[in-house]
Amino acid sequence: MSESIFHLKDKHIWVIGGAGYLGQAIVQFLSRSGARVLCVDLGNKAQEFITTANLGEKVVAATLDINDTGQIAQFITEQESSQGPPDGMVNLTFGSTTKRLEDLTDNDFDQVNHTALTATFILSRETASAMKAGGGSIVLFSSMYGVVSPNDELYAAPMQKNPLEYGVGKAGIIQMTKYLAVHWAKQKIRVNCISPGPFPNPTVRQQHPDFIERLEKKSPMGRIGLSEEIAGPVAFLLSDEAGYITGHNLIVDGGWTVW
Ligand SMILES: NC(=O)c1ccc[n+]([C@@H]2O[C@H](COP(=O)([O-])OP(=O)(O)OC[C@H]3O[C@@H](n4cnc5c(N)ncnc54)[C@H](O)[C@@H]3O)[C@@H](O)[C@H]2O)c1
């Protein structure tokens, strides 16, 4: 049954990183909204998720490591010929070292930003070329830390650091979104990004209540976000209702970056 007010019925949407915390909520929301969803992740993660969540008939699973350029090309060819061109693509993948600035190596920086920027660019370029005939919608993932810097005090031990290279990659996603949006506008391909605020997953919430309390205190709304609160904004950007929105960074952060 369709629960969405957005027009997504029978749209074919690829969700890359779809078996992760926010990805799962997005896949489920899109599927309940009548979209044909391809859930894509590393190894067997997507298949395990759709089996556990009992989505098997509505959602198809696929494997892809976006760091492997050859795999991206093969994935696009296979999906295009078996399922047809995509109407939408969401990319939730990211990299991070969780290291302090003093410990970060040149190689760490390169590797993380290969995933965040180079691989995201290649994936977007190949997806857009698969979409070309009818246009489509691409949603990339930035972060509040693509907009503002983390306050180190929030990440006091035993929490891991929110590191430099993560935020640099996320800031780059915002600019990539704008550039691609302009470049592909005449091909009717819209490109937008989402910048989530604090959405710690259930394990972090359970294991680090002090950390959650610090996040809540910093948030104007006094609380962390719930994964369903990301799924709706993503669905909106993918839908026909967002037909005149492109190059936008939709910040979903409970006001974190406002003050
Ligand atoms: N959760 C938050 O609080 C938060 C806050 C700001 C931004 N974000 C952003 O939202 C996105 C999703 O976050 P999340 O909390 O769901 O993370 P997550 O780690 O739970 O999910 C990410 C998924 O991407 C997959 N992935 C990683 N590298 C990949 C690769 N090379 N190829 C294919 N798949 C790969 C992982 O297996 C995982 O399932 C990320 O881009 C993150 O930076 C999250």
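Everything discussed here concerns the structure shown above.
Attention in this report is confined to the structure presented alongside it. Bear in mind the structure is a predicted one, so any value in this text is a computation, not a measurement. (Residues numbered from 1 in each chain as written. Predicted model: local features only at pLDDT ≥ 70, side-chain atom pairs only at ≥ 80, totals over all residues. Heavy atoms only, no water.)

Moving on: unusual backbone geometry. Omega for the bond connecting Ala157 with Pro158 falls within 30 degrees of zero, at 10°, which places this linkage in the cis form. Counting through the fold element by element, Pro158 comes out in the loop between strand S5 (136–141) and helix H5 (164–184). Positive phi, close to 65°, is recorded for Asp10, a residue that is not glycine. Considering the arrangement of structural elements, one finds Asp10 in the segment before strand S1 (12–16). Although it is not a glycine, Asn54 adopts a positive phi angle of roughly 60°. Counting through the fold element by element, Asn54 comes out in the loop between helix H2 (45–52) and strand S3 (59–63). (Helix = DSSP H or I, 4+ residues; strand = E, 2+ residues; numbered from the N terminus.)

What follows concerns the environment of Ala133. Its location among the elements puts Ala133 in the loop between helix H4 (106–131) and S5. Assessed through its relative accessible area of 85%, Ala133 is described here as exposed. Expressed as a C-alpha distance, the spacing of Ala133 and Val252, which sit 119 residues apart in the sequence, is 31 Å. (Buried < 20%, exposed > 50% of the residue type's maximum accessible area, 1.4 Å probe, protein only.)

Here we come to the site of the ligand. The immediate surroundings of the ligand are formed by 25 residues, with Tyr21, Leu22, Asp41, Tyr166 and Lys170 found nearest. The separation between an oxygen atom of the ligand and a polar main-chain atom of Gly20 is 3.2 Å. With respect to the ligand, the side chain of Asp65 contributes an N or O atom lying 2.9 Å from a nitrogen atom. In the complex, 85% of the free accessible area of the ligand, which totals 830 Å², lies under the protein chains. (Near = heavy atom within 4 Å. Polar contact = N/O pair within 3.5 Å; in protein donor to acceptor, adjacent residues only side chain to side chain. Areas by Shrake-Rupley, 256 points an atom, 1.4 Å probe, with all protein chains shown as cover.)

Turning to the layout of surface pockets, a few remarks are in order. Here the largest pocket is characterised by a volume of approximately 1400 Å³. For the lining of the largest pocket, the secondary structure elements donating two or more residues are helix H1 (21–32), H5, helix H6 (202–207) and helix H7 (209–218). The residue inventory of the lining of the largest pocket, partitioned by class, reads 22 nonpolar, 17 polar and five charged. A volume near 320 Å³ is recorded for the second largest pocket. Forming the boundary of the second largest pocket are 15 residues, of which Ser149, Pro150, Asn162, Pro163 and Leu164 lie nearest the centre. Here the lining of the second largest pocket is built from residues that sort into seven nonpolar, three polar and five charged. (1 Å grid on protein atoms, 1.4 Å probe; cavity = no way out; pocket = protein on both sides within 12 Å on 5 of 7 lines; lining within 4 Å. Points joined across faces, edges and corners; volume = space filled by probe spheres on them. Nonpolar A, V, L, I, M, F, W, Y, C, P; charged D, E, K, R; others polar.)

Here seven strands make up an open sheet; going across it, the order is S3-S2-S1-S4-S5-S6-S7 and the pairing parallel. Edge positions in the sheet fall to S3 and strand S7 (249–252), since each of these pairs with one other strand and no more. Between one strand and the next, the sheet's axes are offset by a mean angle of 20°, whatever the strand orientation. Sheet analysis places strand S4 (residues 88–91) next to S5, joined by four bridges and oriented parallel. (Pairing = 2+ DSSP bridges. Axes fitted to C-alpha atoms, helices over the stretch in contact; angles between N-to-C directions.)

Moving on, we get to H5. Counted at 1.5 Å a residue, the expected span for H5 with its 21 residues is 30 Å, and the 30 Å between its end C-alpha atoms agrees. The complete set of buried residues in H5 reads Glu165, Tyr166, Gly167, Gly169, Lys170, Ile173, Ile174, Met176, Thr177, Leu180, Ala181 and Trp184. Residues of H5 that are buried make contact with H4, S5, strand S6 (189–196) and S7. (Expected span 1.5 Å × (residues − 1). Contact = heavy atoms within 4.5 Å.)

Side chains Gly88 and Val90 of S4 all project onto a buried face; the interleaved residues Met89 and Asn91 project onto the opposite face, where all are buried too. Sheet analysis places S1 next to S4, joined by four bridges and oriented parallel. In the strand pairing of S4, Ile13 is matched with Gly88.

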